[in-house]
Amino acid sequence: MPEDPWSKWPLMEEEILIVEGEDGYTFNIPYQLARKEAARALKEAGVSYAVVQDVFGNKRVVFHTSKSKGLEIRAWLSILVTNSRYFITEVEEVKERALSESYKEVSRSDTSL
């Protein structure tokens, strides 16, 4: 799995990061959670993952999925973290080009500041 910026993102030990991109989802979950709860489910779903170290030296499990499989895993994680020490942070990845095009649209439409 090629390294992406989300694999080294500084996260709390109990934090699960879910990033929605244009082509799918990237997940960054604590190693202990993956080892205890998610390893078999990820294997059954056919998801390959990488074990990485974050900036604090903690082991994390990072994987990328399609949109449909990502939605399923996201829902499963939401149920799993209920009444646990883990919590989810969700981020939507926006490409630079899309941002600059949105900015141009706003600046053309709102000329009365």
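Residues numbered from 1 in each chain as written. Predicted model: local features only at pLDDT ≥ 70, side-chain atom pairs only at ≥ 80, totals over all residues. Heavy atoms only, no water.

1. Looking at the overall build of the protein
Right, so step 1: Within the protein one finds three helices and five strands.
Right, so step 2: Counted from the first residue to the last, the protein has its helices and strands arranged as β-β-α-β-β-α-β-α.
Right, so step 3: Each of the 113 residues in the protein was classed as buried or not, and the buried ones make up 30%.
Right, so step 4: Look at the contacts in the protein between residues 6 or more apart in sequence, and 67% of them connect residues 24 or more apart. (Helix = DSSP H or I, 4+ residues; strand = E, 2+ residues; numbered from the N terminus. Buried < 20%, exposed > 50% of the residue type's maximum accessible area, 1.4 Å probe, protein only. Contact = heavy atoms within 4.5 Å.)

2. Considerations on the packing of aromatic side chains
Right, so step 1: If you walk through the whole model with that rule in mind, you get three aromatic pairs.
Right, so step 2: Each ring, one from Phe 27 and one from Phe 63, has its centre 4.9 Å from the other, and the planes form 15 degrees; the classification is stacked. Here Phe 27, found in strand E2 (residues 25-30), pairs with Phe 63, found in strand E4 (residues 59-65); they are 36 residues apart in sequence, far enough to count as distant. Here Phe 27 matches Phe 63 in class, with each residue buried.
Right, so step 3: Each member of the aromatic cluster is reached from another via a ring pair, and the members are Tyr 25, Phe 27 and Phe 63.
Right, so step 4: In this arrangement the basic side chain of Lys 59 is found over the ring face of Tyr 31, its NZ or CZ atom lying 4.6 Å from the centre. (Phe/Tyr/Trp six-rings, centres within 6.5 Å; stacked < 30°, edge-to-face > 60°. Lys NZ or Arg CZ within 6 Å of the ring centre and 35° of its normal.)

3. Focus: the pattern of salt bridges
Right, so step 1: Counted according to the given criterion, the structure contains three salt bridges.
Right, so step 2: Measuring nitrogen to oxygen at the nearest pair gives 3.0 Å for the salt bridge that ties Lys 67 to Glu 20. Placement of Lys 67 in helix H2 (residues 67-81) and of Glu 20 in strand E1 (residues 15-20) is noted, with a sequence separation of 47 residues between them.
Right, so step 3: Relative accessible area serves as the criterion here: at 30%, Lys 67 is assigned to the partly exposed category.
Right, so step 4: With a relative accessible area of 29%, Glu 20 lands in the partly exposed category.
Right, so step 5: The partner of Glu 90 in a salt bridge is Arg 74, and the shortest N-O contact between them spans 2.9 Å. Residue Glu 90 is found in strand E5 (residues 87-92), and its partner Arg 74 is found in helix H2; the two are separated by 16 residues along the sequence.
Right, so step 6: A relative accessible area of 26% means that Arg 74 is categorised as partly exposed. (Salt bridge = Lys/Arg side-chain N within 4 Å of Asp/Glu carboxyl O.)

4. Structural notes on the sheet that holds E5
Backbone hydrogen bonds hold the strands of a sheet together, and the pairing may be parallel or antiparallel.
Right, so step 1: Overall, mixed pairing links the five strands, which are arranged E3-E4-E2-E1-E5 in an open sheet. Looking at strand neighbours, the two that pair on one side only are strand E3 (50-53) and E5, the edges of this open sheet. The mean inter-strand angle of the sheet, taken between neighbouring strand axes irrespective of direction, is 25 degrees.
Right, so step 2: Across four bridges, the pairing between E3 and E4 is antiparallel. By the bridge assignment for E4, Val 51 is matched with Val 61.
Right, so step 3: Sitting on the sheet, helix H1 (residues 31-44) touches E1, E2, E3 and E4, and the angle it makes with E2 is about 130 degrees. (Pairing = 2+ DSSP bridges. Axes fitted to C-alpha atoms, helices over the stretch in contact; angles between N-to-C directions.)

5. Concerning the packing of H1 against H2
Each pair of packed helices can be summarised by the angle the axes make with each other and by the distance between the axes.
Right, so step 1: At a minimum axis separation of 12 Å, H1 and H2 run at an interaxial angle of 145 degrees. Note on packing geometry: the crossing formed by H1 with H2 is right-handed. Between H1, through Leu 33, Glu 37, Ala 38, Ala 41 and Leu 42, and H2, the contact on the second element is made entirely by Ile 73, Trp 76, Leu 77 and Leu 80. (Left-handed = near helix turned anticlockwise from the far one by under 90°.)

Functional significance is not addressed by these values, which are geometric in nature.
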